[in-house]
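The residues making up each chain are set out below.
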Amino acid sequence: MNQAADSKASQQDLDETDIATVNAFYRREIGFLQSNNFEGWLDILDPDIHYQVFTCVTTKPGDSPGSMPGEAYYYDDNLASLTLRTKKLRSSMAWTESPATTRRYFLQTLDYGIEGDEISVCSNLLVLTSRGDQQENQFCGERNDRFSRHADGLKLLRRNVQLDKVIVVDRFLNTFF
Amino acid sequence: MNESKLVNLRDGLMDRAIYVDESIYQKEMKDIFGKCWLFLGVASQVEKPNDFFVTYMGDDSVIVARDGEGVLRGYLNSCRHRGMRLCREDRGEAESFHCPYHGWVYGSNGEVVSAPFYDAEESMDAWSLTEVGQIDICGDLIFATWDKNAPPLREYLGGMADYLDFAAQRVGKEGLEIIGAPQRWTIDVNWKYPAENFSGDGPHVPATHGAAIEAGWRKPDSFKTKNRRAKPPRQHRVFFKDNAHTFGGGEDPAQAGGALLGPYAHMIDQLRAKLKCDADDESWLLTPLGVGTVFPNLSFVDGARFKTLRVWHPRGPNKTEIYSWCVVDRDASAEVKEDAKRQYLLAFGPTGMFELDDAEMWSETTRGMSGYHAMRDRPLNYRLGLNREVKEVPASEYFKNEMPGFVQTGGSGLTDAALHRFYAEWKKYIFGSEGADEPQGVATELAQEAAE
């Protein structure tokens, strides 16, 4: 689950310029997601994006690999399905978006690495959401990203988010992580 | 009490109290969730001896386990000594269950293996875990009831059992498997709203799910397209005269058409084509089954893109905790299984672009009915189709096979008929038994007012 330790060895391979580029990517991404600019967000995804969000199962510590926390899932998407999801959010009949959800993303990068031409980043993620007069939620978890390099900058190629929750409370989950 | 005021099927009127009142809820726990067969999980979740998982029956935590001999068992998840929740994992493999409070240990057969300090003083034979009344499997689905005197599972399911068997065996003999662990989430709504919705609430689809249809995920119902000359697709609702289990399907399966169809949809097309070639009957209309509810709280979508089973676990009158599984035919290809998972996640569950709008509606019905006056306001309208004759034919005649039950037909014939059967069954359990306790609270207050 924790890929931070695995990628430590390659940390020195990433120079300060790359780290600055990654951090700029995240600032931009948070800007898109916090302003509900989902189309802008889709633009910074690699056409081959594989986007997965998992949650937890309660098992005995050290239980067999069959009970890995990563098997309970909330998103398993490619660019086409993410595009369809965002299109749905734009519909005048998207009742979950009216009232709209306010989201704040807090990201703490833990580790950077390089595999071939791809940059990998492990971070802690905290997302606080608020909607209407009753719906408040907080999500925290570990995010592992891989970026591909393009002429116009980095694009997100893989995202694997492990949320720390067993039960999602409160209606639905209309947030991208 | 005046039961006809609470659920008036003749006039299609439902009292609001049945969705928000604590006393009615407690009566449901005793008379519905204490007596009906309740869905627990899929057989593949406990394949080997000592496999277990934890779920709920009503609002009680239960352990479902294969004991050391491989016998399927269901236990109340509560230590006999001080009542502690014995098993605190969602699932696993265990020869015994250890209570960490005072160290009592139970075997996977429920018997006390050791009880520190007691062992020397008395026999612990009388202190085995409390077992469910009966537990059994149908169509690869595990059910249990607290009621030792309840009819056997297949009798309880009635004709529905044949359809569940049919659906579990369509690809091969190996039945069903689940993908991953169940998704769990909560919605502030009474459990009956989701259960009745999957029982046949066609009219909510264009309004609630307009966004998913507009985005192109699902095509609109064909009979509403601009081509007026297009022949409406055949649609049916299967029901039974002696229970409230039901499902609806048809020529256009649930979640048919639209964007991003994949290998699963192709598999369904192939299964249908094969059934059309092989047989003179019209069993192909039952692949996939469609959308339905097994009374009281198991619902399913067996559609063109995936299959999901979900249980609406009651958590008080105003809260439901959902366990939802993506289920696939075990004999299907790896490619089909992967597609089923992605299609399910795209459309259903707490992140599904189709289902998340349901949760918004259901939560707001609770808020809409929770005020002092809102709870006591005039009854809700379940009258759709009441003044229309609903055509029904034996299923054997409609599908030209030997399937049991009846079929309500007609593409544009949207009615509340299935919901009436749901509430007729509800009444049977709540008021049916001799000397049944009357619920107290708002319901009684209403009954007294009616009597005055």
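Residues numbered from 1 in each chain as written. Chains lettered and ligands numbered in written order. Predicted model: local features only at pLDDT ≥ 70, side-chain atom pairs only at ≥ 80, totals over all residues. Heavy atoms only, no water.

Caption draft 1: Expanded view of a nonpolar patch on the surface. On the surface, Phe106(A), Leu126(A) and Leu128(A) cluster together to form a nonpolar patch covering roughly 230 Å² of accessible area. Examined against the element boundaries, Phe106(A) turns out to sit in strand β3 (residues 101–115). (Patch = residues over 30% accessible without salt bridge, like charges linked within 9 Å, V, L, I, M, F, W, Y side chains within 5 Å. Areas by Shrake-Rupley, 256 points an atom, 1.4 Å probe, with all protein chains shown as cover. Salt bridge = Lys/Arg side-chain N within 4 Å of Asp/Glu carboxyl O. Helix = DSSP H or I, 4+ residues; strand = E, 2+ residues; numbered from the N terminus.)

Caption draft 2: Representation of helix α10 (residues 334–347) of chain B in the model. With 14 residues, α10(B) extends 20 Å between its outermost C-alpha atoms, agreeing within 8% with the 20 Å of an ideal straight helix rising 1.5 Å per residue. For α10(B), the tally of buried residues reaches 10 of 14 residues, placing the bulk of the element in the interior. Every buried residue of α10(B) is listed here: Val336(B), Lys337(B), Asp339(B), Ala340(B), Lys341(B), Gln343(B), Tyr344(B), Leu345(B), Leu346(B) and Ala347(B). Against the buried residues of α10(B) lie β2 (72–77) and α3 (79–89) of chain A together with β13 (176–187), α9 (263–278), β18 (307–314) and β19 (320–329) of chain B. Directly after α10(B), the chain includes Gly349(B), whose backbone phi takes a positive value near 80°. (Expected span 1.5 Å × (residues − 1). Buried < 20%, exposed > 50% of the residue type's maximum accessible area, 1.4 Å probe, protein only. Contact = heavy atoms within 4.5 Å.)

Caption draft 3: How the structure looks around the interface of chain B and chain A. At the junction of the two partners, chain B supplies 44 residues and chain A supplies 42 residues. Carbon and sulfur atoms make up 53% of the area that chain B and chain A hide from each other, which totals about 3,700 Å². Per-residue buried area on chain B facing chain A is highest for Arg91(B), Arg342(B) and Thr351(B); these three make up 16% of the total on that side. Here Lys341(B) ties to Asp76(A) by a salt bridge, and the two come within 2.8 Å at their closest N and O atoms. For the pair chain B and chain A, the interface holds 25 residue pairs in polar contact (both at pLDDT 80 or more). Sorting the residues of the side of chain B that touches chain A by element identifies β7 (91–93), β13, α7 (204–208), α8 (210–214), β19, α10 and α11 (356–369) of chain B as the ones contributing at least two each. (Buried area = accessible area lost by both parts, 1.4 Å probe. Polar contact = N/O pair within 3.5 Å; in protein donor to acceptor, adjacent residues only side chain to side chain.)

Caption draft 4: Broad picture of the confidence of the model for chain A. Residue and element names in this part refer to chain A. In the predicted model, chain A carries a mean pLDDT of 87, and 88% of its residues have values of at least 70. Averaged over each element, pLDDT in chain A is lowest for β2 (89) and highest for helix α2 (residues 38–43) (97). Of the regions scoring below 50 in pLDDT, residues 1–5 engages in 9 contacts with residues more than four places distant in sequence or in other chains. Segment residues 7–11 is flagged for pLDDT under 50; beyond a separation of four residues in sequence, or across chains, it makes 7 contacts in the model. (pLDDT = per-residue confidence, 0-100.)

Caption draft 5: Main features of the environment of Phe139(A). All names here are of chain A. Here Phe139 lies in strand β5 (residues 135–150). Note on Phe139: relative accessible area 4%, which makes it buried. For the pair Phe139 and Tyr26, spaced 113 residues apart in sequence, the C-alpha to C-alpha distance is 18 Å. Those residues in contact with Phe139 that sit more than four places away from it in its chain are Leu125, Leu126, Val127, Thr129, Leu163, Lys165, Leu173 and Phe177.

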